[in-house]
Amino acid sequence: MTRISPTLVRRETQGGSSICCAECGHELTEAGSASHWKDHAALKSEPVAELPGWSASVHPDLVLRQFVCNGCGHLLDSEIALSEDPFLYDVVGG
């Protein structure tokens, strides 16, 4: 396995390689596939204005998205975006 981010690893398989959770090894997607790993993680989305410490003046459509491993529940990534915006697909190395 090769670490590609603090929360993700690339695991070699007989058919190629996969992007997996670094905590438990759960496979999220094949490396290099058209599908991004965020599309296969569990998603928790909350309005930012409802989070502790944020003002009610925050735009109501702003959300905190948390991408969580389906295997172990480990937080893989998070982002703040408008609710209608597509996921922010970062490029992971490896």
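Just above sits the structure.
A brief structural summary. The shown structure was predicted, so the numbers you read here are calculated from the model rather than taken from an experiment.

Below, the discussion takes up the packing of aromatic side chains. Here the structure, examined in full by the defined rule, presents 3 aromatic pairs. Aromatic rings pair up to connect Trp 37, Phe 67, Phe 87 and Tyr 89 into one cluster.

The antiparallel open sheet is built from 3 strands, whose spatial order is β5-β6-β7. Each edge of the open sheet is held by one strand with a lone partner, namely β5 (42-47) and β7 (75-82). Adjacent strand axes in the sheet meet at a mean angle of 20° when their direction is disregarded.

So, on to the pattern of salt bridges. Under the criterion given, the structure shown has 6 salt bridges. Glu 79 is paired through a salt bridge with Lys 38; the nearest N and O atoms lie 2.7 Å apart. Placement of Glu 79 in strand β7 and of Lys 38 in the loop between β4 (27-30) and β5 is noted, with a sequence separation of 41 residues between them. For the pair formed by Glu 79 and Lys 38, the shared burial category is buried. When salt bridges with common partners are traced through the structure, they connect Lys 38, Arg 65, Asp 77 and Glu 79 into a single cluster.

Conventions used here
- Residues numbered from 1 in each chain as written.
- Predicted model: local features only at pLDDT ≥ 70, side-chain atom pairs only at ≥ 80, totals over all residues.
- Heavy atoms only, no water.
- Phe/Tyr/Trp six-rings, centres within 6.5 Å; stacked < 30°, edge-to-face > 60°.
- Pairing = 2+ DSSP bridges.
- Helix = DSSP H or I, 4+ residues; strand = E, 2+ residues; numbered from the N terminus.
- Axes fitted to C-alpha atoms, helices over the stretch in contact; angles between N-to-C directions.
- Salt bridge = Lys/Arg side-chain N within 4 Å of Asp/Glu carboxyl O.
- Buried < 20%, exposed > 50% of the residue type's maximum accessible area, 1.4 Å probe, protein only.

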